[in-house]
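Next come the chains, spelled out residue by residue.
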Amino acid sequence: MTHLSFAQECCVLDQTPAAIRPAPALPVVRLSSGLHPLDLSAVTLHPDGALGAWQELNASETIPHCIAQLETSGVLDNFRRLLGESEAPHRGFVFADSDLYKVIEAVAWEIGRSGTSAHDAWLDEMIALIARVQDPSGYLHTWIQGVHPERKFTELHWTHELYVLGHWLQAGIALARTAGCTDLLDLALSFVDLVDRRFGPGQEDGIPGHPEIETALVELYRHTGEQRHLALAQHLVDQRGRDILPGGGFGSRYFQDHLPVREALDPLGHAVRQLYLNAGVTDLFLETGEEALGAVMREQWERVHTRKMYLSGAFGSRHRDESFGNDHELPSDRAYAETCATIADLHWTWRMMLAGDDPRHGDVIEREIHNALAASVDETGTCFFYSNPLQRRPDRFDEENAPAQRQEWYSCACCPPNIARTIAQLGAYVAAVREDEHGATLELLQHAAMSVRLPPEVGSGTLEVETTYPDSGTLHLSLSHLRAAPGARLGVRIPGWVRSGTVGTADGAERALSPAELTAQRLELALEEADGTTITVDMPPRWTLSHPRVDATRGCLALERGPLVHCLEQVDLPDGVEVDDLRVPIGADPAVREDGMLEVTLHHRSDDGELYRSRDGPATSPKENPTVTVTMTPFACWGHRGDGAMRIWLPRER
Ligand SMILES: [Zn+2]
């Protein structure tokens with residue numbers, strides 16, 4: 001959760017309760033990137049567009065499914081049993097409470113998006129339940145309270161008390177912003193006060209084993225204006241790398257506690273932990289302008305996205321410890337690639353985009369939304385992947401959290417409600433406003449069918465964007481009731497994969513996108529001239545190579561079109577042809593069929609020779625070398641037609 005108000009007024013309100021000692025003064029600056037989020041209600045994604053349709057599915061299916069699963073999985077009984085209202089034992093992991101908070105957050109953003117009142121009674125029930133279970137001290141953690149009260153605040157590396165509070169805060173802030181209901185946030189604030197008194201600046205040592213609360217506390221600061229909330233976030237970041245957490249069998253890298261944050265240039269350890277931490281650190285940078293934080297985040301962002309990101313926009317190469325691998329260690333079949341890691345990177349990359357201009361930020365967010373995230377949920381909106389490998393071998397068996405098929409829920413259910421809350425606020429990532437010395441510009445950051453109520457900085461009126469993206473690369477722009485501010489501009493992001501395109505104006509004139517625009521990955525128009533403009537980016541299918549150090553995919557090609565990574569599925573192959581026996585011939589020329597699917601002719605080369613053979617021995621020639629014309633499926637849709645082998649990276653013929 002991020003999209004709101006980092007650029008709110010920077011004054012600090014003096015609302016510090018007497019019980020809380022004054023926080024040390026932190027520098028609070030307004031960064032010069034100039035890019036600011038739009039008002040919460042400014043963007044409406046059209047339901048006939050890909051992203052808007054996903055939001056509709058999220059609202060009608062995913063969110064109700066998640067609400068039902070809170071009952072089925074025992075999350076709500078974990079609360080009720082503490083009131084004597086359930087006989088059930090505690091179920092789920094120590095952080096199961098966070099499932100409830102994430103679903104509440106999803107509902108909150110959905111209220112903001114659609115104005116739904118369908119969940120009002122449920123929300124009232126949940127807030128009342130939370131209030132009744134919360135200890136008078138402010139503390140709430142059903143596993144501690146109900147199973148191991150003696151561990152309260154004694155094992156922060158593992159009990160996730162602060163992680164759970166972070167999600168509680170995010171849900172409370174979302175509900176306050178979208179529904180004007182502060183009840184849930186007020187309850188969380190008393191827990192924050194408790195944590196601040198116990199682990200705040202100058203108090204007992206303590207940091208969370210799983211970052212999350214850091215970004216939530218900065219968002220809380222943006223909401224309350226209370227500097228002590230920012231100071232607590234900074235304190236939790238500053239203490240990392242001081243050997244506070246017992247590494248146990250995992251080691252300090254797993255927890256990102258091996259080095260002070262300002263010295264930790266390498267993304268290491270548990271991928272979701274690292275990426276949530278980075279979102280929080282970047283939040284701190286956005287608020288304080290501390291260059292040491294900005295520098296380390298820029299370096300980490302570079303290393304994550306040039307050495308440790310999968311083509312699908314996924315992260316985490318190892319099942320062991322759900323961790324990042326070494327540089328360029330990116331196995332397709334053994335990818336852990338947890339959905340939450342992509343969501344965490346989306347949060348982080350969005351903040352990096354606000355902190356500074358780099359067109360790759362928009363490219364990464366696009367890659368994540370249209371591939372790793374889209375693949376993590378099925379077309380019913382009710383089945384989910386936790387792990388998102390880029391290859392499924394024909395004999396692969398289910399492994400923990402990496403089943404062959406999407407599942408309705410998981411014993412560790414972090415991912416499904418995380419998807420629900422992310423999709424409900426997708427509109428926050430597609431547009432922003434930039435203010436610089438030249439004036440104000442409305443920036444279209446992602447291509448999507450949408451309506452944008454113009455922010456006051458550029459004027460008033462509504463911008464409509466019509467497109468079937470990512471099926472086509474054409475955007476039609478129209479403006480209604482426009483009153484443009486002097487010098488107001490419209491910026492349109494041009495994705496990094498675009499090599500050519502055109503701009504057509506209302507009077508029928510058309511020109512090619514210029515080399516400068518392609519290099520800058522941005523088209524800029526005077527706002528008044530945008531009405532009636534048609535922008536088309538050409539999106540022929542393209543073959544993609546990986547860096548030669550990526551051993552797992554050396555000698556392979558992947559097929560992409562527009563933002564969509566494609567894959568080959570066994571279900572599309574004729575009898576007797578296996579996915580793993582197909583190779584891309586030199587000059588293979590994929591075509592776009594009338595239905596928009598990609599088709600390509602590959603070589604079929606089965607090989608029943610020895611597993612290992614002499615390099616100098618007789619060549620094992622394939623028995624035959626026929627060609628097979630195959631349909632390639634967007635990775636987002638893989639597995640929709642049943643179980644079977646799949647791969648993104650295809651060996652190329654030499
Ligand atoms: Zn997850």
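Located above this text is the structure these notes cover.
Residues numbered from 1 in each chain as written. Predicted model: local features only at pLDDT ≥ 70, side-chain atom pairs only at ≥ 80, totals over all residues. Heavy atoms only, no water.

## Considering a negative patch on the surface
Together, Asp120, Asp124, Asp183 and Asp186 make up a region of like negative charge exposed at the surface. Those elements that provide at least two residues to the negative patch are helix H4 (120–133) and helix H8 (183–199). Considering the arrangement of structural elements, one finds Asp120 in helix H4. Given a relative accessible area of 35%, Asp120 falls into the partly exposed group. (Patch = residues over 30% accessible without salt bridge, like charges linked within 9 Å, V, L, I, M, F, W, Y side chains within 5 Å. Areas by Shrake-Rupley, 256 points an atom, 1.4 Å probe, with all protein chains shown as cover. Salt bridge = Lys/Arg side-chain N within 4 Å of Asp/Glu carboxyl O. Lys, Arg positive; Asp, Glu negative; His and termini not counted. Charge placed at Lys NZ, Arg CZ, Asp CG, Glu CD. Helix = DSSP H or I, 4+ residues; strand = E, 2+ residues; numbered from the N terminus. Buried < 20%, exposed > 50% of the residue type's maximum accessible area, 1.4 Å probe, protein only.)

## Topic: the coordination of the zinc ion
For the zinc ion, the full set of protein donor atoms is Glu338 (OE), Cys340 (SG), Cys414 (SG) and Cys415 (SG), and the range of their distances to it is 2.1 to 2.3 Å. Taken together, the four donor atoms coordinating the zinc ion and their angles of 92 to 118° define a geometry best described as tetrahedral. Each donor residue of the zinc ion lies on one chain, and together they are spaced E-x1-C-x73-C-C. Residue Glu338 is found in the loop between helix H12 (291–307) and helix H13 (339–355), and its partner Cys414 is found in the loop between strand E3 (391–392) and helix H15 (415–424); the two are separated by 76 residues along the sequence. A single burial state applies to Glu338 and to Cys414, both of which are buried. (Donors = N, O, S within 2.8 Å, 3.2 Å for Na, K, Ca; no water. Tetrahedral: all angles 85-135°; square planar, octahedral: opposite > 155°, others 65-115°.)

## Concerning the packing of aromatic side chains
For the structure on display, the rule yields 17 aromatic pairs. With a centroid separation of 5.3 Å and an interplanar angle of 5°, the aromatic rings of Tyr101 and Trp168 are classed as stacked. On the criterion of sequence distance, the pair formed by Tyr101 in helix H3 (residues 97–114) and Trp168 in helix H7 (residues 161–179) is long-range, its members being 67 residues apart. Residue Tyr101 is classed as buried on the basis of its relative accessible area, which comes to 0%. Consider the rings of Trp158 and Tyr254, whose centres lie 6.4 Å apart with planes at 40°: the pair is tilted. Taken together, the positions of Trp158 in helix H6 (residues 156–159) and Tyr254 in the loop between helix H10 (227–238) and helix H11 (271–288) put the pair 96 residues apart, joining distant regions of the chain. A network of ring pairs unites the aromatic residues Tyr101, Tyr139, Phe153, Trp168, Phe191 and Phe199 as a single cluster. (Phe/Tyr/Trp six-rings, centres within 6.5 Å; stacked < 30°, edge-to-face > 60°.)

## Things to note about empty space enclosed by the protein
Gaps left between atoms are located by rolling a probe of water-molecule size over the structure's atoms. Throughout the structure, instances matching the rule amount to four cavities of 30 Å³ or more. A volume near 60 Å³ is recorded for the largest cavity. Considering the residues around the largest cavity, the lining is formed by Gln256, His258, Leu259, Val261, Ala264, Gln274, Leu277, Asn278, Met297 and Gln300. Looking at the lining of the largest cavity element by element, the count peaks at three residues for H11. A class-by-class count of the residues in the lining of the largest cavity yields five nonpolar, five polar and no charged. (1 Å grid on protein atoms, 1.4 Å probe; cavity = no way out; pocket = protein on both sides within 12 Å on 5 of 7 lines; lining within 4 Å. Points joined across faces, edges and corners; volume = space filled by probe spheres on them. Nonpolar A, V, L, I, M, F, W, Y, C, P; charged D, E, K, R; others polar.)

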